[in-house]
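Coordinates in review
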Amino acid sequence: MAEGLEEEVKTNPQGDVITATAPPPKLEEKKGAAAQRVVDPDYLLLHAPRKKTFITGSEAAKESIRRANVDIAISYPITPQSETMQQVGYLYAEGYLKDYYRGEEEYGVMSAIAGASRSGVRCLSATAGPGLMRGLEVISSWPGGRLPAVLLIMCRVINAPLAIQPDNVELSYMLSTGCILLHAENQQDFYDYPLVGFMVGEKPEVTLPVAVAVDGFFVTHARGWVRLPEADIKLPPRQCYHEAVPMMDNENPPIRISRDAPIQKSNFISYQMHASWQQEIWAAGERSRKWLNRWLGGLIEVVNPTAKTMIVASGAAVSQSREAVRQATEQGADVGLVKIKSIRPFPTEELIEALDHAERIIIPEFNYVGWLAREVRNVIPRTERVVPGGPRVFGGMSMPTELLLEYVLGTGSGRH
Amino acid sequence: MAGDKKTVKRYNVRMAGIGGQGVVTASHILSNGVIIGGGESTLVPFFGSEKRMAPVESYVRVAEDQIYEIGEIIYPNILMIFHPQVITHGKSYTMPFYWGLKKNGVVIINSEKPVPMIQDQMDELKSLGAKIYYIPATKLAIEVGGTDLATNMAMCGAISGVIGMPDLKSLEQSVRERFIGKGFVVSGGTASLDNVIEKKFAKKAELVAKNFAVVKAAHDFAIEHGWAETPVAAIPEMVAA
């Protein structure tokens, strides 16, 4: 009878009596994302006062993600991406991300990103070289799924013999996916571009994934000057109900982007459906231009715009070209440079205009196949102006300024 | 910056050593020291699997004006060889170890006595006008710092003596930041090695002092042997350090 009135004795699974009482909940100071305030993207990307810091590319990406109001990050380690995602792990521990985990491998990671993005949250992943190749099947399906997300690509050799250095041939595979593709030159870009990527990709008229590529090691593992705004501001959260395809929730069923039952009956109709869907993906990419122009200050940057010899480059090759321009100018040569910031959409009109006066066009690349030269030749008139052969380095080797100067000054192997 | 601005130009430094010697750490300390001193510097490490005795290279650019170039340095004007095996056992990503060295370049080798080289290599170095300096960096590290783990500190001191960048005061600050200030994690392997070093030295302050004593000993060694490329201004407060 009295038993029911006795105070319940709490024990742990081993039967030991628990005597300690739980401490009262502490009123903790706000930290992580909770301590940040949302600001207008224009303010964060363009106007917020910045301070110069000397940090690695991985740390620059960390500072970018810190201010990006990211909900979830999923990735699988691969050199040279791992250091960056390790930094993102610290952000998760500090309370800047709601969730963060390691997927089984890249195929699983990219599939999980698709699911997370479809649920309407802001998603981040990152990979490199062979990891990108493994994830590419799923990544190719993201744009058709109209799944905004940011994928960081730290370029690394993909072909045998194995190497972990930055050869960016993997980007040639990204050109045809429908993803927006930005190519960061240095640590500063690797801070700025992911933030721009989130904002552009989530615009209602765009609704596409954005890949931000950078040449691994030379940027990710090396320190450079990066101008950063204060850490107490962040981008507005993703507005998933405003996008081209609504998120999946209890009221919005998953969209069907397959040969659906009524359509399957006619291949002709299904082809039409696929064609119009593809056209819309690439049109959406085109519509990103106005936002890229606004936040990147244009799809290209031009140095010495009237020079007769123009170098056209993206990524790390831009840095080498800047030094080549500096040294060539010292020697009295007339050399300019076009930096391509966005590979998809490609700055077609911008290049035609910027190169109209050029007599020689030199396209240095960190890969064997010369995908950027191919892209440029596809859109400019009078392609005989493009000096054959690059210069190109591959297997992850850096491009010595000395080699670039041979092409610029028309000496040595670059005599054309 | 210490030294005459007009005579200090740009230096492209290639460091080669073997795993465990702190080559990458040395490049960070050198580079950060140059930044602290008001100059410009960037670096990139190059290594395969992180294990003791495996080849390691690290590349540091040092300049007084803006640096655009990135990536490994193919054509250095300064070479720092942290271990004789780089030369004698070919433990290097660059073969022979001086490949790409520019004319009238400098080679700083950690060895108490000249390292045997084949005649062709000696001839080639001679035709390049290479200045070869042997510094007993490991010996100095053991004698002054009490551990061969401070070999990289001696190498930092030596190059500071040769090129005058960074100045000793900035270099000391850089060493301090490495152990006490905002740390930078080079790799998991380096982090665990740090723990070993910290156990050896009970206090971090003592760690910094001993490391810097090694830096200064090697710096003085370079100056005493007349290796300075540019005049290095004497910094009075450093005499006491």
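As the structure is a computational prediction, the values presented were derived from the model and not from experiment.

A few words on the overall build of chain A. A count of helical and extended segments in chain A gives 15 helices and 15 strands. The dimensions of chain A, computed from C-alpha atoms along their principal axes, are 105 × 60 × 45 Å. Buried residues in chain A amount to 48% of all 416 residues.

Looking only at helices and strands, one finds nine helices and six strands in chain B. In chain B, buried positions account for 49% of the 241 residues. Of the contacts formed within chain B by residues at least 6 apart in sequence, a portion of 79% connects residues at least 24 apart.

Residue and element names in this part refer to chain A. Between its first and last C-alpha, helix α4 (residues 106–118) extends 18 Å over 13 residues, near the 18 Å set by a 1.5 Å rise per residue. Within the span of α4, buried status applies to Glu 106, Val 109, Met 110, Ile 113, Ala 116, Ser 117 and Arg 118. Just downstream of α4, Gly 120 is the residue with a positive phi angle, here 100°.

Below, the discussion takes up the packing of helix α5 (residues 151–163) of chain B against helix α8 (residues 204–224) of chain B. Residue and element names in this part refer to chain B. Two elements in contact, α5 and α8, have axes separated by 7 Å at closest approach and are oriented at 40°. When the axes of α5 and α8 are compared, the pair comes out oblique. In this structure, α5 crosses over α8, and the sense of that crossing is right-handed. Residues Met 153, Ala 154, Cys 156, Gly 157, Ala 158, Ser 160, Gly 161 and Val 162 of α5 form the contact with α8, whose own contacting residues are Asn 211, Val 214, Val 215, Lys 216, Ala 217, Ala 218, His 219, Phe 221, Ala 222 and Ile 223.

Residues and elements named next belong to chain A. Taking strand neighbours across the sheet as the criterion, the seven strands line up as β4-β3-β5-β6-β8-β7-β14 in an open arrangement whose pairing is mixed. Only two strands of the sheet have a single neighbouring strand rather than two, namely β4 (99–102) and β14 (342–344). Shown here is a sheet whose adjacent strand axes are inclined to one another by a mean of 20°, direction ignored. Packed onto the sheet, α4 meets β3 (72–75) and β5 (123–127) and runs at close to 165° relative to β5.

One finds Ile 81, Ile 108, Ala 154 and Ile 159 of chain B to be the most contacted residues of the largest nonpolar core, which totals 168 residues. Inspection of this core shows a minimum of three residues originating in each of domain 1 (32–241) and domain 2 (300–414) of chain A. Once residues within four sequence positions are removed from consideration, Ile 108 of chain B is found in contact with Leu 79, Met 80, Ile 81, Tyr 133, Ile 135, Ala 158, Ile 159 and Val 162 of chain B.

This brings us to helix α4 (residues 137–145) of chain B. Residues and elements named next belong to chain B. If you check which residues of α4 are buried, you get Ala 137, Thr 138, Leu 140, Ala 141, Val 144 and Gly 145. All buried residues of α4 project into a common sector of 160° when viewed along the axis, lining one side. Buried positions along α4 lie against β5 (106–110), β6 (131–135), α5 and α8. Looking one or two residues beyond α4, the residue adopting positive phi is Gly 146, at roughly 80°.

To continue, consider the interface of chain B and chain A. Each partner contributes to the interface: chain B provides 12 residues, whereas chain A provides 18 residues. Considering every element that reaches the side of chain B that touches chain A, the biggest residue donor is strand β2 (residues 40–47) of chain B, with four residues. Its residues assigned to classes, the side of chain B that touches chain A comprises eight nonpolar, two polar and two charged.

So, on to the environment of Asn 152 of chain B. Residue and element names in this part refer to chain B. Following the sequence through the fold, Asn 152 ends up in helix α5. Placed 131 residues apart in sequence, Asn 152 and Gln 21 show a C-alpha to C-alpha distance of 6.4 Å. The residues touching Asn 152, leaving out its near neighbours within four places in the chain, are Gln 21, Gly 22, Val 23, Thr 25, Ala 26 and Phe 82.

Residue and element names in this part refer to chain A. Reading across the sheet, the four strands line up as β11-β13-β12-β15 and stay open at both edges, with mixed pairing between neighbours. Unpaired on one side and paired on the other, β11 (300–303) and β15 (360–362) mark the two borders of the sheet. Here the strands of the sheet are splayed against their neighbours by 20° on average, with no regard to which way each runs. With four bridges connecting them, β11 and strand β13 (residues 335–340) associate as antiparallel partners. Note on β13: the bridge partner recorded for Val 303 is Leu 337. Lying on the sheet, helix α12 (residues 316–330) is in contact with β11, β12 (309–313) and β13; it crosses β13 at an angle near 165°.

Residues and elements named next belong to chain A. Taken across its five residues, β12 has five buried, putting it largely inside the fold. Neither face of β12 is exposed, since Thr 309, Ile 311 and Ala 313 on one face and Met 310 and Val 312 on the opposite face are all buried. Judged from the five bridges that link them, β12 and β13 form a sheet pairing that is parallel. Note on β13: the bridge partner recorded for Ile 311 is Leu 337. Read from β12 through α12 to β13, the crossover connection turns out right-handed. Pairing of β12 with β15, which is carried by three bridges, proceeds in the parallel orientation. By the bridge assignment, Thr 309 is partnered in β15 with Arg 360.

Here we come to the environment of Val 379 of chain A. Residues and elements named next belong to chain A. Inspection of the secondary structure assignment puts Val 379 in helix α14 (residues 371–379). Take Val 379: there are 15 C-beta atoms within 10 Å of it, and that puts it in the partly exposed class. A C-alpha to C-alpha distance of 7.3 Å links Val 379 and Ile 352, two positions 27 residues apart in sequence. If we skip the residues at most four places from it in the chain, Val 379 touches Phe 346, Thr 348, Leu 351 and Ile 352.

Take the domain arrangement of chain A next. How big an interface is tends to be expressed through the accessible area that disappears when the partners come together. All names here are of chain A. Here the domain parsing of chain A yields domain 1 (32–241) and domain 2 (300–414). Between the C-alpha centres of domain 1 and domain 2 there is a distance of 27 Å. The partner domain 2 presents 20 residues to the 23 residues of domain 1 that form the contact. Elements with a contribution of two residues or more to the side of domain 1 that touches domain 2: α7 (171–174), β7 (180–184) and β8 (210–215). The leading source of residues in the side of domain 1 that touches domain 2 is β7, at five residues.

Cut-offs and rules
Residues numbered from 1 in each chain as written. Chains lettered and ligands numbered in written order. Predicted model: local features only at pLDDT ≥ 70, side-chain atom pairs only at ≥ 80, totals over all residues. Helix = DSSP H or I, 4+ residues; strand = E, 2+ residues; numbered from the N terminus. Buried ≥ 20, exposed ≤ 12 C-beta atoms within 10 Å, placed from the backbone. Contact = placed C-beta atoms within 7 Å. Expected span 1.5 Å × (residues − 1). Axes fitted to C-alpha atoms, helices over the stretch in contact; angles between N-to-C directions. Parallel < 35°, antiparallel > 145°, perpendicular 65-115°, else oblique. Left-handed = near helix turned anticlockwise from the far one by under 90°. Pairing = 2+ DSSP bridges. Core = buried A, V, L, I, M, F, W, Y, C linked by C-beta atoms within 7 Å. Domains from an automatic or database assignment. Arc of directions from axis to C-beta. Nonpolar A, V, L, I, M, F, W, Y, C, P; charged D, E, K, R; others polar. Right-handed = clockwise from strand over helix to strand, strands pointing away.

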